[in-house]
Every structure is written in structure tokens, then in C-alpha cells.
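# Structure assessment
As a plain string of letters, each chain reads:
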Amino acid sequence: MSALLRSSRLLKFSPSCLLRITGTNRTGAPLARLYSGALGGRRTAACYPQIRPDSGNVCRHVWPYTLGCVRNYAIAKEKDEASVGVLSKQAESFDRALTKLDSSVRRTGRITKTLLLHIFHVSCRTGYPSGNHALLLLRSCGSLLAEVPLQERTDLAHRIWDKLEQMGTKYDVSHYNALLKAYLQNDFKFSPTDFLAKMEAANVQPNRVTYQRLIAAYCQNGHIEGASTILGFMKTRGLPITEVVFNSLITGHARADDMEGAKNILAVMQGAGIEPGPETYLSLLNIYAEKGDMDSLEKTLKEAESAYCTLMDKDIMQIIFTLAKAQHQQHIPEIIKHLKQELGYIPDAMHLCLSLITEGHEDTAFEILKTFPKNDDFETGSFFLKHCIAMDTPLEKIVGYCNYLQTSNLHSAPLTFTLSCALELKKTEVCFELMKLFKEHDLPIRTHYFWPLLTQHLKENNIAGMLEVMKGMQELGLAPDNDTLNNYIFALFPNVEAAVKALKDVGISLESESILTVEIRSMAARNLPELYARMSDPSFPHLDIGIFRNSLIQSFRRFDDVELMAKITELLYKDERFSRENVKPSITASSFLYSLIENIVEEGAQIPKDKLQEYLNQLQTKNIIISRKTYINIKSLLLSQHIPELIKDVNALVESGDQSANSVAATPHDNKTSSADLEKTLAELKAYNKPIQSTVKQIIYSLCAEENLQQALEIKKEHQDEMTQGSYATLINLCCRHNNVEEALNLKREMSQKDSSVVLDVSKYLALVRALSANGKVEDAVDILKEMKEKEVVLNNTHISTLFHILNTLAANGDIPTIKRLQDTIFTLGLAKPSKNLCSPMIKAYLNSNDLSGALEAAMDCQKRYSQLPQIHNIIVALVEKGQTELLQKAMDIMSQERGEMSMLYDLFFAFLETGRYNEARKIIETPGLRAKPGRLQWYAEQCIYKKQLETMEQMVDMTTKLFGCDRDEMYFYILRICKETNNWQKAEAVWTKMEEENFIPRERTHRLLGEILKDNVPFEMPKTWYEEDVTPQEVESAPSTTASKNLNQYRAQVLYHCKKGKAKQAYGILKEANKNGVVLGSSVYDQVIRALLSKGFVESAMEVKEIAMSHVPTFTLSDVATSLLIVTHSKNGHTQEAFETMKSMLQADLVPIPIAVTRLVQALGSQGDIAGIQEVESLMKKLGTTLNVSKMLFINNKTLAHIKRDDFQSAVEMLEAFYTSPDSTGNSMSYVFRRVMEDDNDKALDKLSAMAERLANHFGCYRPISDLFIQLLDMDKVDDAKFLLDRFNALAEQKGVLKSYMCEKAQIPGQVGKIKTLLSMIPDFAEKDMVHAYLMKCHSLDNDLLSAKALHDLMQKEGTVNELSLKRLAVLYRNAGESVPFTEPPNSFTFYVEKLKERVAEDVTANK
């Protein structure tokens, strides 16, 4: 990894294996910004063009090469505490950290302090931070921390150094060099002599880079004598004096006021045979900038240009930074003119702006900001304003910047954004000043703007600070709303009265509606007489009952004063002030009465029947009337609680006209009734002259499901007047499947005559188009497409894919006119956007007809009309095969014009390879200036792998040997994949030899693949995983018999081997043997054994190993994973107290439990009914600094189960209802609760929860709980109950998200296809057939059921729902069964099509938002 961490400019002189890096235009790493010069510091450099990353994370490609080429860190030698078992985790952690920093630098040109500290803390938390981590962190403490002051950067570097050193990180010379670099970039004053002494004391020898940077340190202070001393020392050691040293000397002479000496350095360099490069000229330019000598500066710029040393924008920015620091701002506009705004300008310019603001030169930074190109999709200046706020820039300046940005249309709302930054950074005074400006400019000020300020005071329990914010709010003319008072104000006080008094004392008005709301809630809960007095006061304002409904119900349940309760209800019934807008008071009162009775009768305690009866009678005397619907709902409640005697009292409140009304209950039909039975039912209904339309519809559906077209048409003919639109649609689809287009058209016309406004399902429209076009009725198909447009039918990606398959089927028959007519219609009407996929069938049709000229013309026409160039590869291949040079030249001209010359050359290269013209292909790939395009190479390699074209692939690998930027490991990996597919170990052996000749180090995956091919035929050293090192199967098997002869490495290897293989007891036995023989295995090995034992539930053995570890390593502690497993094991064994104490101690040690540990503990507490324990765990998780992947429903569901365990059903129901009816509810699942209750056969709890779910569905339109109940009934094979529930709640069929999630879950498990089919039998009209069929195909694939998969494929073809992933699965089933695949198998991997499907789903979700 070391090469990745070196300066990119030094890589110019590195070994050849480092020079070729995939994805760049030049040599070096994309993270060179981390480790080479940036603003505020000197760069070590050689003259070469700037590196430009092309694509991808280049870090990932670089490190396998550098790992073996440059330097082996001390990682491999970090024994005991950081053994080989930890290295793999360290490497993964390092790669993630590097990726995060890389991403930050690419996007913004900098690293934030927050990100750096996060990576630092994560590194420390692992317990074994590696040398790589230390190097990465230290090198990030320089100029990349553009938002951090210089001294703070250095302090951070020292903090990281000291902490990692305490944790046992071994520092080598690269770490000291990194610290030196940070010192230089941060202008830190230090003694080079003392630094060398520190290295000597640590027994670390300085290298050339160390001496170069010490010279730079002396020169930074103008100390030429010190620099000369080190220079002489380098000469005596024979170390080369590079351009870097001369550049430092230029700076040193200039800062020693010896400008002539500085200029003469150039002559000295040339005398030493070193030509001045861009860095040398940059050093001269910087010293002229420090002196303010613009004449010399301009002259030197011209000299650099004439010497072909082009300065990049980043270099010009450093000159600007130097001018600003030297207080020569008047010259900066002239230098800004030299900026060319090259690729990567924005992040570099952002870095410059932030550095200038940090140094107090915000005006200069704003001049740079003005040079940013205008982008309507980008709010220019946001980063600038935020950093100005952070650095306490005077507000007058910031407002001036905001005005300019807004008037220049560079930022839509700069002042608002600035306020949000000030709030985020808790700059209270700035916030209030900005809000005053808001008021002056008539901009809205919202109450929630103050929440970030109040949050801090709430955390600190700072009442005085909160009151100051409230006073500021009042001065701005704002009153706190209900959320502000409840969440941020009253939470600081013991009660409402204390809060109100404190607010009064600072002069805050109590007439606020929010404060009134809180007061009314308090009265409703505790003081009904005062509440009634306030509510009956004519001056009392409008207040929706919903605000204090729950408090009032809780108070009513006590029945302290029935007459007063009736009076309050009468107020609700008559007074509009307590109802929502456009809602009658009588409806409000009826709803309240239902909620009250529901709460009372479902309380689970003794129901005060006499008091409730008295209350109802009081309501009758006050002439309060309820609707029939409310009566029915209350009646259901009373019957469910076996108190029918109160029904007559409720009935007395119903309007007299409704009291004799009767309700009708429908009996659900059996979904599995056959068509024959239904026809018998139809005959009976006709005999009794009863309505038959519903039965006719069911018969049609049943016959269509049985594919009985003839009988279905007869039923339709006999009962045409009873045909519904749904019946017509189903029958039309069946006709299309049976290719009976005439009948399908007749049915379509009849349906339109009955109701011309009816809109068919998209899949049925497309089925018509497929059938009509396949049978020559093109104009009829076009009419269908036009109707789709007229009726605004929207097509998603699945439907567009179906269109492609329709056109592709026509292409196979060469039906060019039909394809052209349909394609033009689709694009003209706008049903689908032109794409390569939809344009390609036309080209295929020409190619199938051997009309190459027509194919090329059609492709050109697509490019001209739709900017798409479909099937160009196949066209070029065909032209090469036929030798049609004129057409080929024409195609190349088109490609060069439309895609660029490089893409054209790659297309020609691949065509020559495809046709076996290897000499021509070699000439193409050796074109001067051509560089690797990894995406194109991968595409063609995948084609070769799919077609098993070994020779073609071998030729491509050989031809690309000298291709600039070509990832050789990737190329050889492709060819080895074909060798493995074809079991060609001889070719693999030849490839191995070829790799050694090329002298590059393969990645581990390539090495391992090679080993898998050769292991049975050729002696080959397989790369070993950490648990296999130094151990052979023979040693493992003979473990019990070898004792004294074993050494430390053998013991460790055998223990780790057994741990990895899941043989915990064997590992435990070997560990005890090692302990008996006095062998200390090291902390990480002990931890691995403990983890293995705990994963099998052996707590006692694990604790014994812990004691052994502590006896040898007193500082030994369990890792976060081991501790989490201990929590899981305790929880499974029902020892929740021990599990909870373990978690608390873990958090106190700054370790973070894994999510499964929290889940198992909470579930165990729920099983024991320990509500307080769950709440305490929830509180600990909220205080945790990091976010665990734990759903909030974990706590809600298990608290519900805890209440149920204690037979407190009312509390469980209330908690769930409060959650699902809250405005913030996102419809999370409570399936876990239903499943546990059903598994425990707790019918009483199930009845309560079912009633609650039905209530939420009926009264609040919240269908998630009832959906979860339906799914669990289905999953527990209670099909009849599920059917009954579906018949009562038809809306369950519309809960697509829940149903799809269930099908997706079942499709992951073998043998579950029956449950999906049961669900579909209940909901036969499930709209998204393509998704359903994909899940069914996956089930058949898991079950290895080829017969069912074939039948499904036939159905998918008929309904147009075939997708590439399903075809891929079906092809595998055919091959496994030894049958030939009867269709063209999709060429790419499963992963490719899965990702493609995910993207399509994501696009559909986005489109539907």
C-alpha cells in the first residue's frame, strides 16, 4: 500500500511496476492530493503533466501492485497484540477509510476535520490500528484540512501520533516523514536537530525524503546554514540531490534576502544535469509573490511557458494564496487571469477559498468564488458562506456576499442558507442578527428555526439559555408553537405551571395558542370543572378537540362527575369551536363518544356499567343524537366485550328514522370454486330470478384461469348483457394468449361500445399489440397504441421491456415494415423514449435479411432522429466479415463523428478480434496515444467469457500488453475465468508463465483462481487465508498427538484453523494444551476462540479462555464482536441481567455492540415482560454516538410483547395505536408481534390485537397492522382465516408493498412456492405480473423444478413478462437437467441482471413519487 501513500510526483521515479495505474491518464494515484503539495505547503515534484482520474476507485486497483513492490510495513511483524488474525480486518478498515477520504478530496478538494476524527476514532476502536492507518491519518493533517487553522492541524497531528503510539502502533521512517510534511504544510516552527534526535531515540534511520524535508524546514525559515549542513551530509552518504532540494534552496535564499542566490540556483541545477521543471518555476514565482515583485513574476511565467513547463490551475492558485498571505491583494486580479479552469477546477478552487477564509482573507476568497462557472443545478457559494460563519467573519461582509450571490443568480437563497449554517453551528448572536435582517426584507421566520439553538440548551439543562432564546423569539414577533413548547421548553421544567411562571417572568405572552393548548391538556387530564368553565366562556378561541381528546378521555374514564361529563359532551355537540373546519359538531361529538366507549370497554378492567349507562342517559336528555354508522360501531364494541345490555341505551341516541334499519352481511365466496360449480350456482340464481352478474364474472375468471377459451366465449355470448368491463378485459387477454385476434378485436369493440371511457390494464393493451402485429394487423395494433396515448396510459420499465420483446419477435422474422410502423408510432406518441434497446430490433431485422447497407442506414437514421446508435458492433462485424470496405469506412466516419475517434478505434478493434483478423486488430490497438478504456475492455471480455472464446480472449490479452493504463491483472483474470469454465488447466499454466514474464504481482483473487485451476495438476502455491497459514491438514489431524514439538506458530495456526471451520471445541482443546505447555498464543487468538465458543453457546468454556488470556496478558479485554456474542448467548439462555450488565460495561468502554446483540437482548427482555429493561436499552442506544442498524420497531414490538406477557393488553394496544396514529408514523411492521402471539397460541392477545388492527383500518385508514395480520395468517397456514380477513377488508389487496415484501422473502427460501401461489389465488388480479413471475421463477430455480419453470416460462411469454434474470435462471435449470437451452441465454452474469433489476425498481419508485 505504500506506493499509494507516496507523493504522486515521486512516483515518476518509482519502479516500473508502480507506473501503470488503471483508470488514469498518467501515472500516480488519485489520492495524490492527500500526499503531495496543496495550498500552503511545498510539493515534492518532478516535471510531468497533471494526473486525471478517469473512473472508478483507482485506489482499489493500485494497492495489489504496490503491496509487493515497495515497502512491507511493520504490520506483518506486529506480533501477539496484532497477530495475523487481525490483519485482514485492518486491511478492510484501511481500504474503507481511504475510499472515504478519496471521495471527499475528489468532490470538494479537501478533508473535513469531522471525517478525519471519525476515521481516527474508528481506527482506535478496532484496538489494533495498523501502520497504514497511522500514515493515512498523519498525511491528512496538512493542507487538506483547509477549514482548520494551522496550529489546530498540528495539534491534531500530535494527538493522533501520541494516541496511536500508546496503542502500540510501530512507527517507521515513513511516519516521521509524514509528520515532517504536516509541519511544513502547517508552517509549524520546530527544531530539525531535535527531530532527528527523536528519530534516533526511536531507532529509526532517516532516508532521503527525511533529509529533503529537513532542508525544506530550514529553508522555510531562511536558515541556509542548517540546510547546507544537511545537504553536505546527503552528499557524503551518496544520496542524490533532486529537483526537490533545489526548489527548497530557492525558497531558503529568498527568505534570507538573497534573491540573487535564489535565481542562481537554476544555473546550479543545469550544471548538475537537472533541468528546471514546473516545481522549480513555481518556487521562483512564490518568492516573487512574497516580495510583491510583479514584473519578475510575469517574466518568470513567460520563461516557464517557453521552457514547456506548463503551470496548472492548482499552481496558479498557490501563487494567489502566497500573494494574499503577503498582503499583496492588489496584484491578485492580474494572476486570476491566468486561470484556465481546467478539469478539476472546482474542487481546487473550493480548497483555495476555504484556505483563504481560514487565514482571514475572505475578500480574496470571494474574488476566486466569482470565477466559478455558473451552474443552474448548483448553488454556488454555499461552502463559502458556511465557512465564513464558522470562522466568525463579520456579519456585514457576509450579508454583502449574500446580496451579490443573489443578484448575480449564483445562489437562490443565500441569506436563508447562511442562517441555517449559523443555526447548525449554534452561533446564537449571529442567528438573531440574521433573523432581524429577514424581518427587514419581509422574509418568513419559522418557529422551527430556533430548535437547533434550543436543542443545545435542552441537552445541557440550561434554563437561562433557553429563556434567552425565547426572549429573542418574542422580540422577533414569534410565539412558540405547540411542538416547541412540548419538546424544548416544558421538558426543562418539572411541570407546566413552573414553565409558564418562568416564561411570564421574562415577559413572554401567555396568550399564545400553543401555551393555551398545553394548559387545556393539563385541565382536561386533572380539572374538569375548570376545563368546562374555560370551554363555555364565549371568548374561548377555536381549539380542535383532537388536541386534547386523549387527555379528556383519560379523565372521563374515572367517572368522577357524570353530569359534568355530559355537559362537556354537549359543548362538543353544539359548539363549532371544537370541531375541525367543515366538520359538523355532531360528527365530532359522535366520534368522541365512540373513542370514549372503545377506550372504556377495552380497558380490560371492571367496566363501570351503571356509570356508563347514566352517562348515556344524560346525553339522551340533552338531545344528543348519533349517526347509524356510529351506533353500529359502538354496538360491535359492546358485543365483543359481552355487555349487550348497554346497546339499548346507545340505540336511544340514534336518529329515530334510522332505528329500524337492518344491516346486511355478505357471505364470502370460496376462491377455489370450480367453473362447473359456479355454472350450477348460475342456473339456480336464474331459476329464482336473482342477480347473476357477479356469478357470470366469476365463471369468466375461472374459465380463463383454466385456459378454456371456447366455453368462456359461449358464456359471454349467452350472458352478454351481464358482462362487466373486468370480464371483457380478462377474456381479451385469453384470446391474445390463444392467438385468436379476430375475437379479441370483437370483444374490444363491444367493450368500447358499452363504455368508451374504460381503460385496460397496460399488460392487456400490450398483449393486443403483440397478437395483432404478429398476425399482420399492423394498423389495428397502431390504433391500440393511439388509444393508449389518448387514455394517458403510463408505461414503466417492465412495459417498455415488453415492447422490446414484441419488436424483437418481429425482427426474428425480418418483418421490417411492421417494426418501422410500430417503432415510429411508439416514439411519435411519446409512449416510450427512444433507446438503444427499442431501436435495435429494426437493425436486427436488416441484419437477419443480410441487408447491411439498410442496417447501416437505419442505424444512422436512429442517430440522427433519436441520438441512439444501436447494434453498431454487430453491423461493423458483419461489414468486416463481408469485406464491404466502403460501407465500413462510412460506419467508421459516423462513429468517429458521433462517439469520438477513440471509441471508433475500439469498435474496429473488437470487430477485427471477433472475425479472427488479429493482425489488423493489433495495428488498431497499437495506435499512438490510445489508452485503456476499462469499461469497453470489460464488456468485450464478458462477451468472450460467455461464448467461451479462449483464443480471441488470449489474443486480446496479448495485444493489450503495452496499452497505456491497461490493468494487466484484470485482463489475465478474464482469461483465467475462461480456463476455469472450460477446465483447461494447460492453458492456465501457460497463462501463469506469461504473467511471470510480464513481471507484475497479481491480486489475491487472481492468484486464488489460478490455484483452483492448477491445484490438481501442477505444483502451485495457493495463497493462504489467515486461518490456514503455517498449517497443513496433516498437522491439523495429528494435533492431539504432537505436543512438545509444537511451536507457537503451529499452535496458533491450528487454533485459528478450527475456529474458522466452526470447530470450537477442538480449538478450545488445543488452546488448553498450549496453555498447559506454557505457550502464550496472543490476545487476538484468545479472542477468536472465545468468539467461536460463544457462537456455539459455550459460555463457561469461553469465560475459562478469558481467564487464561488475562493470566498471560493482564490488559486483555474482549473485542466488540466477542462481547456482542456474549450478550447474544446470555440473552438466548434467558440471563437478561447478565446480558444487560455486559452491554452497559461495553458502552462504558467505548465499544459499540453489533445490531444482533441489541436485538437478542431486547427480544429476551420482551419475552420476560421486562418493560423497564427495554426502555433502558432504548435510552442507551439513543445516547450512543453512532447509529446502529436497529429498527425502532424492535423496541415498540418487544414492549408490546412485554405488556402481553404481563396480561396488560390495554397498555399494549394503546401503545401501538398511539404509534400508528401519530403524524410521524411511517407504517412500520408489527408482524413480529403477531407471529409471536400465534406461536404462543395466545388467542386472547390475538383477539385484542386483531380488533385494534381492524379499528385502525376502519377509522384511520391505517392498513399496515391488518396487512401484517393477513400475512402472518397466511404464513402460519391459516388460509381460511386469511381469506375471511381479505373478504372483510378488500383494501388488503391494494397493499402492494407488504405483499411484494412477503413474496420476496418467500422467494429466498426453498420449498415456499406454495405460499406465494396461495396468496395469488386469493388475489388473482395482482397487477404486477412481471414481478410475480420473477419471484416464482426464482422459487422454481431454488427447488430445481424444471417442469414448473417451463410452464411458467410459457405463461410469461404469453403475458409479455419475460425478463433476462428469469431466462438466466431457466437456462441454468435446463443445463442442470442435461437438456439444451431452447432460447438465447442472456450473456452476462447473474449479478449484472440483478443490479439491472434493482436499478429498474429504483427508477420505478422514483417515477411514482
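Numbers given for residues are sequential positions, taken from 1 along each chain in its written order. Under the rules for a predicted model, residues below a pLDDT of 70 receive no local features and side-chain atom pairs below 80 are neither given nor counted, while totals for whole chains, interfaces and linings still include all residues. For the side-chain quantities, the full set of heavy atoms in the structure was used; hydrogens and water were omitted.

The next subject is the overall build of the protein. Strands are runs of DSSP state E lasting at least two residues, helices are runs of H or I lasting at least four, and both sets are numbered from the N terminus onward. Scanning the protein for helices and strands turns up 76 helices and 0 strands. Only protein chains enter the area calculation, which uses a 1.4 Å probe; residues under 20% of their type maximum are buried, those over 50% are exposed, and those in between are partly exposed. Out of the 1409 residues in the protein, the part that is buried amounts to 52%. Excluding contacts between residues fewer than 6 apart, the proportion of contacts in the protein whose partners are at least 24 apart in sequence is 67%. Any two residues having at least one pair of non-hydrogen atoms within 4.5 Å are treated as being in contact.

To describe a pair of aromatic rings, you give the distance between the ring centres and the angle between the ring planes. In this analysis, rings of Phe, Tyr and Trp, with Trp reduced to its six-membered ring, are considered paired at centre separations within 6.5 Å, and the interplanar angle assigns stacked below 30 degrees, edge-to-face beyond 60, and tilted for intermediate values. Tallying each qualifying case throughout the model produces 27 aromatic pairs. Geometrically, the ring pair formed by Phe384 and Tyr401 is edge-to-face, given 5.2 Å between the ring centres and 80° between the ring planes. In this pair, Phe384 sits in helix H20 (residues 382–390) while Tyr401 sits in helix H21 (residues 395–407), placing the two residues 17 residues apart along the sequence. Tyr401 shares its class with Phe384; the two are buried.

Expected span, for any helix, means 1.5 Å times one less than how many residues it has. If you check helix H11 (residues 224–236), its first and last C-alpha atoms are 18 Å apart, about what 13 residues at 1.5 Å a residue would give, namely 18 Å. Of the residues trailing H11, Gly238 is marked for its positive phi of about 75°.

The subject of this paragraph is the nonpolar core. Ranked by size, the top nonpolar core spans 140 residues in total, and within it Phe384, Phe450 and Ile489 carry the most contacts. Of the residues forming this core, the biggest block, 8 residues, is contributed by helix H18 (residues 345–358). Excluding anything up to four places from it in sequence, Ile489 contacts Leu454, Met466, Met470, Thr484 and Leu503. Counting 125 residues, the second largest nonpolar core, distinct from the first, contains Leu768, Leu829, Met842 and Leu937. Within this scheme, the nonpolar core is defined by two criteria: the residues are buried Ala, Val, Leu, Ile, Met, Phe, Trp, Tyr or Cys, and they are joined through side-chain atoms within 4.5 Å.

Here Gln863 is to be found in helix H46 (residues 852–866). Excluding its chain neighbours within four sequence positions, the residues that come into contact with Gln863 are Gln868, Leu869 and Glu898.

So, on to the pattern of salt bridges. We count a salt bridge whenever a side-chain nitrogen from Lys or Arg sits within 4 Å of a carboxyl oxygen from Asp or Glu. Counted by the stated rule, this structure contains 43 salt bridges. Linking Glu779 and Arg821 is a salt bridge whose minimum nitrogen-to-oxygen distance equals 3.1 Å. Within this pair, whereas Glu779 is found in helix H42 (residues 778–790), its partner Arg821 is found in helix H44 (residues 816–829), the two being separated by 42 residues in sequence. Between Lys1306 and Asp1275 there is a salt bridge, with its nearest N and O atoms 3.0 Å apart. Taken together, the residues span a long stretch of sequence, with Lys1306 in helix H71 (residues 1296–1306) and Asp1275 in helix H69 (residues 1264–1275) at a distance of 31 residues.

This part takes up the packing of helix H14 (residues 278–291) against helix H16 (residues 313–325). Between H14 and H16, the least distance of the axes is 8 Å, while the angle of their chain directions is 25°. Between H14 and H16, the crossing angle belongs to the class labelled roughly parallel. Taken as a pair, H14 and H16 cross one another with a handedness that is right-handed. Residue-level inspection shows Leu282, Leu285, Asn286, Ala289 and Glu290 of H14 in contact with H16, the latter providing Asp315, Gln318, Ile319, Thr322 and Leu323. All axes here are fitted lines through C-alpha atoms, helices being fitted over the stretch that makes contact, and every angle between N-to-C directions spans 0 to 180 degrees. Orientation categories follow fixed angle ranges, with anything under 35 degrees roughly parallel, anything over 145 roughly antiparallel, 65 to 115 roughly perpendicular, and all other angles oblique. Helix crossings fall into two classes, left-handed where the near helix is turned counterclockwise from the far one by less than a right angle and right-handed where it is turned clockwise.

The next point concerns helix H43 (residues 797–812). With 16 residues, H43 extends 23 Å between its outermost C-alpha atoms, agreeing within 8% with the 22 Å of an ideal straight helix rising 1.5 Å per residue. Downstream of H43 by a residue or two, Gly814 has a phi angle that is positive, lying close to 70°.

A few words now on the environment of Gly1166. Checked against the element boundaries, Gly1166 lands in helix H63 (residues 1155–1167). Once residues within four sequence positions are removed from consideration, Gly1166 is found in contact with Ile1174, Asn1198, Leu1201, Ala1202 and Lys1205.

Let us now look at the environment of Tyr1232. Position of Tyr1232 relative to the elements: it lies in helix H67 (residues 1231–1239). Residue classification places Tyr1232 among the buried residues on the basis of a relative accessible area of 17%. Linking Tyr1232 and Asn1198, residues 34 residues apart in sequence, is a C-alpha distance of 8.7 Å. With near-sequence residues (within four places) excluded, Tyr1232 lies in contact with Gln1163, Asn1197, Asn1198 and Leu1201. The definition of a polar contact used here is a pair of N or O atoms within 3.5 Å, where within protein one atom must be able to donate a hydrogen and the other to accept one, and adjacent residues in sequence count solely through side-chain atom pairs. At 2.8 Å, the side chain of Tyr1232 forms a polar contact with the side chain of Arg1236.

In what follows, a disulfide is any cysteine sulfur pair within 2.5 Å. The full count for this structure, using the stated rule, is 0 disulfides. Cys388 takes part in no disulfide bond, and the closest cysteine sulfur to it belongs to Cys402, at a distance of 8.8 Å. By relative accessible area, which is 0% here, Cys388 ends up buried.

Backbone geometry places Asp187, a non-glycine residue, at a positive phi of 55°. Considering the arrangement of structural elements, one finds Asp187 in the loop between helix H8 (173–185) and helix H9 (192–201). By relative accessible area, which is 28% here, Asp187 ends up partly exposed. Phi is positive for Ser867, close to 60°, though the residue is something other than glycine. Structurally, Ser867 is set in the loop between H46 and helix H47 (872–882).

Now for the side chain of Asp1087. Relative to the elements of secondary structure, Asp1087 occurs in helix H59 (residues 1083–1095). Side chain to side chain, Asp1087 and Ser1119 meet in a polar contact 2.7 Å long. If near-sequence neighbours (up to four positions away) are discounted, Asp1087 is found in contact with Phe1116, Thr1117, Leu1118, Ser1119 and Ala1122.

Attention shifts here to the packing of H71 against helix H72 (residues 1313–1322). One way to put it is that H71 packs onto H72 with a least axis distance of 9 Å and a crossing angle of 155°. The pairing of H71 with H72 is recorded here as roughly antiparallel in orientation. Our pair here, H71 against H72, has a crossing hand that is left-handed. Seen from H71, the contacting residues are Leu1299, Tyr1302, Met1303 and Lys1306; seen from H72, they are Lys1315, Ile1316, Leu1319 and Leu1320.

Attention shifts here to the confidence of the model for the protein. Every residue gets a pLDDT, meaning the predictor's confidence in that residue, from 0 to 100. This prediction gives the protein a mean pLDDT of 79; 84% of its residues lie at or above 70. Residue range residues 1–87 is modelled with pLDDT below 50. Its contacts to residues more than four positions away, or to other chains, number 238 contacts. Overall, residues 1023–1045 carries pLDDT values under 50, and its contacts beyond four positions in sequence, including any with other chains, amount to 41 contacts.

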